Amino acid sequence: MKTLLAIDGGGLFGVGVANWMPKLDNWKFDYYAGTSVGAILAACYAFGIEPLKVQEMFNGNFPKRIFTKPGFPQNLNPLRSSTYDNKEVKKVLLEVFGDAKVGDTKFPLIIVAWNYEKRKEKVFTHKFNSDYLLRDAVLASMSAPTYFPVAEIRENPKAPLEKLGDGGVCGNDPSLAGLAAMRDDKIKIKDIKCLSICTGGDPKEKKLKIHHKLNWLPVVIDVITLGNVGYTSYGIKHILDERYLRVAPDTLPDGSMDNFDLVPKIKKVWETYDHMEAYRFLNTPQAQAK
């Protein structure tokens, strides 16, 4: 049985996941897949960084360095395309991953991003697009629209420049991309087990209110983020059946993924969230997922 860890995007909600993962007793997955902040986490684990070290990173100044606003005079421009700069993000990712390529990770890694110019997904794996710098693939996946600038990267110095962004617009739950990569390695469906982590937890029910065109904006955002997550999870569950477990706390706070005021509550929810179902799922040959 080969195991896959798939981690959704979710900005600062990823701090909670980083604090929860050590509870799995340093379980080494055979494959790691991630989108946005999930790409950062998955890349760290696949790179060989231990969960306790990743927890330390996310409890330190790592998140604040990621969400760094542009300095003067750019911060005075009300028409700038993104709330945050990516200059500090690039420094952080360089410190963590150096010049390693996607194909250099200790364990196979799958990262989901979006190609704006080609208007299609861009998936990095140990077999496809594996020569891109790991830090560039992570940067692309986490470059959420309006939050961060478009990530401009290239496969090598002579390759054309690509404009990529957050994988959350097409595959915020990277389980399907991870499953596809495992099938590329000729692993049979019956031999695949997937632990999928819903970084932001179960979505809360909201009353739909649409009074004018602008009120469609939150609906569209929900479709992009929650819609593709739910649809992907629905499909993977029916493919893997009892070999699929979706971890999604239902007491996480609602709020923006860059709201640092929510971090203490996010950490508390994940620190107290029962890990035993996931632990048994991974350690039992025929674990039953709810």
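Let me begin by describing the structure that accompanies this report. As the structure is a computational prediction, the values presented were derived from the model and not from experiment.

Attention now goes to the pattern of salt bridges. Applying the stated criterion across every chain, the model contains 11 salt bridges. Glu95 serves as the salt-bridge partner of Arg65, at 3.0 Å between the closest nitrogen and oxygen. Taken together, the positions of Arg65 in helix α4 (residues 62–66) and Glu95 in helix α5 (residues 87–97) put the pair 30 residues apart, joining distant regions of the chain. Since its relative accessible area comes to 19%, Arg65 is described here as buried. With its nearest N and O atoms 3.6 Å apart, the salt bridge here joins Arg246 to Asp173. In this pair, Arg246 sits in strand β8 (residues 244–247) while Asp173 sits in the loop between α7 (168–171) and α8 (175–184), placing the two residues 73 residues apart along the sequence. Note on Arg246: relative accessible area 21%, which makes it partly exposed. The class of Asp173 is buried, set by a relative accessible area of 2%. What emerges from the salt-bridge pattern is a single network uniting Asp8, Asp173 and Arg246.

Let us now look at the pairing of strand β1 (residues 2–7). Taken across its six residues, β1 has five buried, putting it largely inside the fold. With six bridges joining them, β1 and strand β7 (residues 192–197) adopt parallel strand pairing. From the neighbouring strand, Lys2 faces β7, where its bridge partner is Ile192. As paired strands, β1 and strand β2 (residues 31–35) are joined by four bridges and run parallel to one another. If you follow Ile7 over to β2, its bridge partner there is Gly34. Read as a crossover between parallel neighbours, the route from β1 over helix α1 (residues 14–20) to β2 is right-handed.

A word on the nonpolar core. Core analysis: the largest hydrophobic core is formed by 63 residues, its most contacted members being Leu5, Met21, Tyr32, Phe58, Phe124 and Leu195. No other element matches helix α2 (residues 37–47), which puts nine residues into this core. Ignoring any residue separated from it by four or fewer positions in sequence, one finds Leu195 in contact with Leu4, Leu5, Ala6, Leu24, Phe29, Leu245, Val247, Ala278, Phe281 and Leu282. One finds Ala6, Tyr31, Ala181 and Cys194 within the second-largest nonpolar core, a separate group that totals 16 residues.

Here we take up the side chain of Asp258. Relative to the helices and strands, Asp258 is located in the loop between β8 and α10 (263–272). Among buried charged residues, Asp258 stands out as having no salt bridge; its nearest opposite-charge side chain is Lys69, 6.9 Å away. Polar side-chain contacts of Asp258 include one of 2.2 Å to the side chain of Ser256. Beyond its immediate stretch of four places on either side in the chain, Asp258 contacts Leu12, Phe67, Tyr84 and Tyr147.

Here we take up the packing of aromatic side chains. Counted according to the given criterion, the structure contains 14 aromatic pairs. Geometrically, the ring pair formed by Trp20 and Tyr273 is tilted, given 6.3 Å between the ring centres and 55° between the ring planes. Taken as a pair, Trp20 in helix α1 and Tyr273 in the loop between α10 and α11 (276–283) lie far apart in primary sequence, 253 residues in all. Judged by centre distance (5.8 Å) and plane angle (35°), the rings of Tyr84 and Phe148 are tilted. With Tyr84 in the loop between α4 and α5 and Phe148 in the loop between α6 (134–142) and β5 (151–153), the pair connects residues that are 64 residues apart, well separated along the chain. By way of ring pairs, the aromatic residues Trp27, Phe29, Tyr32, Tyr45 and Phe107 are connected into one cluster. We note Lys64 situated over the ring of Phe260; from NZ or CZ to the ring centre the distance is 4.0 Å. We note Lys193 situated over the ring of Phe281; from NZ or CZ to the ring centre the distance is 5.2 Å.

Reading the values: the criteria
- Residues numbered from 1 in each chain as written.
- Predicted model: local features only at pLDDT ≥ 70, side-chain atom pairs only at ≥ 80, totals over all residues.
- Heavy atoms only, no water.
- Salt bridge = Lys/Arg side-chain N within 4 Å of Asp/Glu carboxyl O.
- Helix = DSSP H or I, 4+ residues; strand = E, 2+ residues; numbered from the N terminus.
- Buried < 20%, exposed > 50% of the residue type's maximum accessible area, 1.4 Å probe, protein only.
- Pairing = 2+ DSSP bridges.
- Right-handed = clockwise from strand over helix to strand, strands pointing away.
- Core = buried A, V, L, I, M, F, W, Y, C linked by side-chain atoms within 4.5 Å.
- Contact = heavy atoms within 4.5 Å.
- Lys, Arg positive; Asp, Glu negative; His and termini not counted.
- Polar contact = N/O pair within 3.5 Å; in protein donor to acceptor, adjacent residues only side chain to side chain.
- Phe/Tyr/Trp six-rings, centres within 6.5 Å; stacked < 30°, edge-to-face > 60°.
- Lys NZ or Arg CZ within 6 Å of the ring centre and 35° of its normal.

Read these as geometric descriptors, not functional statements.
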